[in-house]
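Each chain is listed here by its residues.
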Amino acid sequence: MYYDIPPQVEEISIETPLSTNFENYEVCYDEARPVAKKEYHVVLYIKPNCPYCIKVMQHLETLGENIPVKDVTDRKSHAYHEFTRQGNKVQVPCLFINGKPHYESAFIMKWLTNHQGKY
């Protein structure tokens, strides 16, 4: 579909500098407004039938937080190879915080609670 473009389009310029510092924001394109950058990059590796993983997932649901979750049940999956390559051992649940693995469910739930909204 083609649209007719007017022959002369005025150039828009901003002469007044913005008063807000947007360094700590990234643009959310679907809503076209700035969104605060997260302090932590997290990924949770789980096995769906693991009782400790279920406990952590229920805790996440209680907090109302959404984080990337990867199932490592299948040893042939990309997620499993990624998990074993980055981690020191094959134990779930495992929360990677800025690339560093943390394995104990009690620690994971406490960390998620204490850092809510920052990941």
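Residues numbered from 1 in each chain as written. Predicted model: local features only at pLDDT ≥ 70, side-chain atom pairs only at ≥ 80, totals over all residues. Heavy atoms only, no water.

Help me understand the environment of Ile 54, please; the structure alone is not making it clear to me.
Looking at the secondary structure, you find Ile 54 in helix H1 (residues 51-63). A relative accessible area of 36% places Ile 54 in the partly exposed class. Spatially, the C-alpha atom of Ile 54 lies 8.9 Å from that of Pro 93, the residues being 39 residues apart in sequence. Non-local contacts of Ile 54, meaning those with residues more than four positions away in its chain, are made with Pro 48 and Asn 49. (Helix = DSSP H or I, 4+ residues; strand = E, 2+ residues; numbered from the N terminus. Buried < 20%, exposed > 50% of the residue type's maximum accessible area, 1.4 Å probe, protein only. Contact = heavy atoms within 4.5 Å.)

Honestly, the pattern of salt bridges in this entry has me stumped. Any pointers?
Two side chains of opposite charge can pair, provided their charged atoms sit close to one another. Considering all chains together, one arrives at one salt bridge under this definition. Between Glu 82 and Lys 70 there is a salt bridge, and its shortest N-O distance comes to 2.7 Å. With a gap of twelve residues between them, Glu 82 in helix H2 (residues 78-86) and Lys 70 in strand E4 (residues 69-71) connect regions that are remote in the sequence. Of the residues examined, Glu 82 reaches a relative accessible area of 12% and is grouped as buried. (Salt bridge = Lys/Arg side-chain N within 4 Å of Asp/Glu carboxyl O.)

How should I be thinking about the environment of Gly 64 in this particular structure?
On the secondary structure map, Gly 64 appears in the loop between H1 and E4. The exposure class assigned to Gly 64 is exposed, which follows from its relative accessible area of 59%. Between the C-alpha atom of Gly 64 and that of Gln 116, which follows or precedes it by 52 residues, the distance is 9.4 Å.

Bear in mind that shape data such as this cannot, by itself, settle questions of function.
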